[in-house]
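# Structural overview for review
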Amino acid sequence: MNLGRSIRINKCGVVILGLLFMCILYYLWSSNSANAASYAFSKNPNEINLRKLLIGSIQAAQHGGFEVVAVSKSRDLHEQSKGKTKEGANNPVTDADYRSNCVMKNGLLRIFPKLKVISEEDDRQEQCADVQLFDLDPTVLPESVTVPDERVSIDEVDVWIDPLDATQEYTERLHEYVTTMVCVAVKGVPTIGIIHNPFTMKTTWAWRGKALSESLVNLKHDADVKHPTIIVSRSHAGAVKEQSKQIFGENAQVITAGGAGFKVLQVIQNNATAYLHTTHIKKWDICAGDAILGAIGGRMSDLHNENIVYHRDTPALNPNGLLAAALSSTHEAYIKRIVESKRFVR
């Protein structure tokens with residue numbers, strides 16, 4: 001008997017097995033895709049992986065920046081006014097603010113659906129129709145940077161985003177001041193901060209006590225506090241210049257700039273010894289900078305020397321100004337002078 005001829009292949013069975021195999025592959029793929037869009041692979045739906053949230057937050061800032069640049073190339077920014085600031089300056093909003101907000105906020109919520117996101121701008125659905133959201137991409141972290149996995153309760157996490165910081169300067173085409181920012185607060189403490197300049201494509205980020213972007217790793221800061229260089233807002237530079245001279249001495253140099261994110265970066269990059277703001281300021285403007293400064297050994301506080309709390313149940317407005325320095329010793333020396341001056345006591 002020829003056994004080889006007695007074995008017959010059932011073509012129908014092969015087709016069924018092939019379809020079954022394809023179904024299994026599709027199930028595995030769709031399951032992974034669903035996980036990517038649900039708590040970033042967290043085994044517990046009530047927990048969130050902070051490493052993956054860091055990755056998503058970096059992507060949010062960068063993709064928001066794409067919208068900011070794209071709108072800047074159009075002839076009409078569709079600028080509107082949200083009113084006047086306390087200093088009497090115009091407080092504008094543009095299509096770029098709204099489109100960046102759509103990408104940043106909706107992108108994060110698509111990956112982390114239970115995440116609490118607090119943004120400067122409300123969603124405008126007409127601005128969100130054609131924006132391109134993003135998927136989680138671990139390659140945004142360079143291989144040279146080691147970032148640990150850490151899971152926390154998602155109810156302890158609040159994310160503050162500023163889809164376009166320095167909108168006034170943006171309308172004036174002063175693009176060097178413009179940033180997009182994301183801050184992750186855990187139990188109200190600024191823990192992860194991302195400041196991205198969309199026009200230079202430079203992203204500065206830090207996770208307090210865990211990891212730093214490459215641009216922050218080898219930075220050194222001078223502990224000399226005898227020659228202050230104070231950076232302040234363009235919108236109320238006159239009054240703060242006078243106050244700074246009286247508090248820090250006639251040898252104090254005062255420079256002006258737009259955007260809270262930009263000013264924090266100038267402190268980090270040794271172009272200023274401290275950032276001083278004497279009136280109220282919104283928390284989405286300062287949370288990312290607060291987190292980064294804390295990660296490199298600096299400090300940001302209000303002008304009463306109190307830490308600023310970034311919890312969802314606290315007001316979005318910080319009413320007591322701020323002082324920020326890249327060294328905690330510099331902050332301590334400067335805040336002492338400010339408190340003793342009693343100029344900003346309310």
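This is a predicted model, so every value here is computed, not measured.

Moving on: the packing of aromatic side chains. Throughout the structure, instances matching the rule amount to five aromatic pairs. Note on Tyr 170 and Phe 199: the rings are 6.5 Å apart at their centroids and 40° apart in plane angle, and the pair reads as tilted. Separated by 29 residues along the polypeptide, Tyr 170 in helix H6 (residues 167-171) and Phe 199 in the loop between strand S8 (189-197) and strand S9 (202-207) bring together distant segments of the chain. What links up through ring pairs into an aromatic cluster is the set Trp 160, Trp 284 and Tyr 310.

Moving on to the UniProt feature "binding site: Mg(2+)" (unreviewed entry) in the chain. UniProt marks Glu 120, Asp 162, Leu 164, Asp 165 and Asp 285 with the feature "binding site: Mg(2+)" (unreviewed entry), using the numbering shown here. The annotated residues occupy 166 residues of the chain but converge on a single region, no pair of C-alpha atoms lying more than 9.5 Å apart. By secondary structure assignment, the location of Leu 164 is in strand S6 (residues 157-165). By relative accessible area, Leu 164 is classed as buried at 1%.

For strand S7 (residues 179-186), the buried fraction is high: eight of the eight residues fall into the buried class. Note: S6 against S7, seven bridges, orientation antiparallel. Residue pairing across strands places Asp 162 opposite Met 181, the latter belonging to S7. With seven bridges joining them, S7 and S8 adopt antiparallel strand pairing. Each bridged residue has a counterpart across the sheet, and for Thr 180 the counterpart in S8 is His 196. With antiparallel pairing between neighbouring strands as the criterion, S7 and S8 make up a hairpin whose turn holds two residues, including Lys 187 at a positive phi of roughly 55°.

Right, let's talk about the pattern of salt bridges for a bit. With the rule as written, the count across this model stands at nine salt bridges. In this structure, Glu 156 and Lys 187 form a salt bridge, with 3.9 Å as the shortest nitrogen-oxygen distance. You can see Glu 156 sitting in the loop between strand S5 (151-153) and S6 and its partner Lys 187 sitting in the loop between S7 and S8, a full 31 residues away along the chain. Residues joined in a network through salt bridges with shared partners are Glu 67, Arg 99 and Asp 130.

Viewed as axis vectors pointing N to C, helix H3 (residues 50-72) and helix H4 (residues 95-111) meet at an angle of 155°, and their least axial separation amounts to 8 Å. Relative to H4, H3 is oriented roughly antiparallel. In the crossing of H3 with H4, the sense of the turn from one axis to the other is right-handed. Between H3 and H4, the contacting residues are Leu 53, Gly 56, Ser 57, Ala 60, Ala 61, His 63, Gly 64, Glu 67, Val 68 and Val 71 on the first element and Asp 95, Ala 96, Arg 99, Ser 100, Val 103, Met 104 and Leu 108 on the second.

Let us now look at the sheet that holds strand S15 (residues 299-301). Strand order in this open sheet of five strands is S12-S11-S13-S17-S15, and the pairing throughout is mixed. Edge strands, defined here as strands with exactly one partner in the open sheet, are strand S12 (253-257) and S15. For this sheet the average axis-to-axis angle between neighbouring strands, irrespective of direction, equals 20°. Bridge count between strand S13 (residues 274-277) and strand S17 (residues 322-325): three bridges; the pairing is antiparallel.

The next subject is unusual backbone geometry. Unlike most non-glycine residues, Ala 166 shows phi in positive territory, near 75°. Looking at the secondary structure, you find Ala 166 in the loop between S6 and H6. Phi at Asn 270 is positive, roughly 70°, even though this residue is not glycine. Within the fold, Asn 270 resides in the loop between helix H9 (260-268) and S13.

Conventions we followed
Residues numbered from 1 in each chain as written. Predicted model: local features only at pLDDT ≥ 70, side-chain atom pairs only at ≥ 80, totals over all residues. Heavy atoms only, no water. Phe/Tyr/Trp six-rings, centres within 6.5 Å; stacked < 30°, edge-to-face > 60°. Helix = DSSP H or I, 4+ residues; strand = E, 2+ residues; numbered from the N terminus. UniProt positions renumbered as here; feature names shortened; annotations may be inferred. Buried < 20%, exposed > 50% of the residue type's maximum accessible area, 1.4 Å probe, protein only. Pairing = 2+ DSSP bridges. Salt bridge = Lys/Arg side-chain N within 4 Å of Asp/Glu carboxyl O. Axes fitted to C-alpha atoms, helices over the stretch in contact; angles between N-to-C directions. Parallel < 35°, antiparallel > 145°, perpendicular 65-115°, else oblique. Left-handed = near helix turned anticlockwise from the far one by under 90°. Contact = heavy atoms within 4.5 Å.

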